[in-house]
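A structural walkthrough
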Amino acid sequence: MNGKIYERYVDGRAKKSPLFGDCLKAFLIGGTICTFGEILRETYEYLGATQENAGMLTSVTLVFITALLTGLGIFDNIAKRAGGGTLVPITGFANAVSAAAIDNKTEGFILGVGAKIFTIAGPVILYGISSGVVYGLIYWIFQTIK
């Protein structure tokens, strides 16, 4: 009973989200991040990096820029406006790790940063690796059946 009353209270007080506008902003910001990554990759290839090294350099650059912007407090402002658009896998991951490290630095490097750096990103890593193993096993089983 109390749950229904609270649910109605929250529904009445909650600001309605403009779904189309939020989706459009997420699409545009996420697309801009991906386009920037592609420009970086092509620039690295133009400068002489192999395709594999250009991809790796692009990933490292995007992680560095995201961590820097997170540390300066800029990435959070972008995320407030872009919403899910900043969750492009590599920038979202870098932000999650950087933000956790920054939030816990006052507790020291071992008990603060070291112990809590993967608080947000840890489940992503765990389930990403686990799903990779499961998909790999399914793929292997289907390959051996042929």
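Further up the page is the structure itself.
All figures in this text were calculated on a predicted structure; none of them were measured in a lab.

1. A short note on the pattern of salt bridges
- Per the stated rule, a full pass over the model turns up two salt bridges.
- Among the ionic pairs, E38 bridges to R41, the shortest N-O distance being 2.4 Å. One end of the pair is E38 and the other is R41, both in helix 2 (residues 19-46) and three residues apart, which spans about a single turn.
- Note on E38: relative accessible area 34%, which makes it partly exposed.
- In this structure, R41 engages E45 in a salt bridge whose closest nitrogen and oxygen atoms are separated by 2.4 Å. With R41 and E45 both in helix 2 and four residues apart, this pair spans about one turn of that helix.
- Salt bridges sharing common partners tie together E38, R41 and E45.

2. With respect to the layout of surface pockets
- In this structure, the largest pocket encloses a volume near 200 Å³.
- Residue lining of the largest pocket: I29, T32, I33, F36, L62, I65, T66, L69, F75, I78 and T91, and that is the complete set.
- For the lining of the largest pocket, the secondary-structure elements that each account for two or more residues are helix 2, helix 3 (51-71) and helix 4 (74-82).
- Partitioning the lining of the largest pocket into residue classes produces eight nonpolar, three polar and no charged.

3. Considerations on the side chain of S98
- Assignment of secondary structure puts S98 in helix 5 (residues 89-103).
- One polar contact links the side chain of S98 to the main-chain carbonyl oxygen of A94, over a distance of 2.8 Å.
- Beyond its immediate sequence surroundings of up to four residues, S98 is in contact with A67 and T70.

Calculation criteria
Residues numbered from 1 in each chain as written. Predicted model: local features only at pLDDT ≥ 70, side-chain atom pairs only at ≥ 80, totals over all residues. Heavy atoms only, no water. Salt bridge = Lys/Arg side-chain N within 4 Å of Asp/Glu carboxyl O. Helix = DSSP H or I, 4+ residues; strand = E, 2+ residues; numbered from the N terminus. Buried < 20%, exposed > 50% of the residue type's maximum accessible area, 1.4 Å probe, protein only. 1 Å grid on protein atoms, 1.4 Å probe; cavity = no way out; pocket = protein on both sides within 12 Å on 5 of 7 lines; lining within 4 Å. Points joined across faces, edges and corners; volume = space filled by probe spheres on them. Nonpolar A, V, L, I, M, F, W, Y, C, P; charged D, E, K, R; others polar. Polar contact = N/O pair within 3.5 Å; in protein donor to acceptor, adjacent residues only side chain to side chain. Contact = heavy atoms within 4.5 Å.

Just geometry here; none of it tells us what the structure is for.
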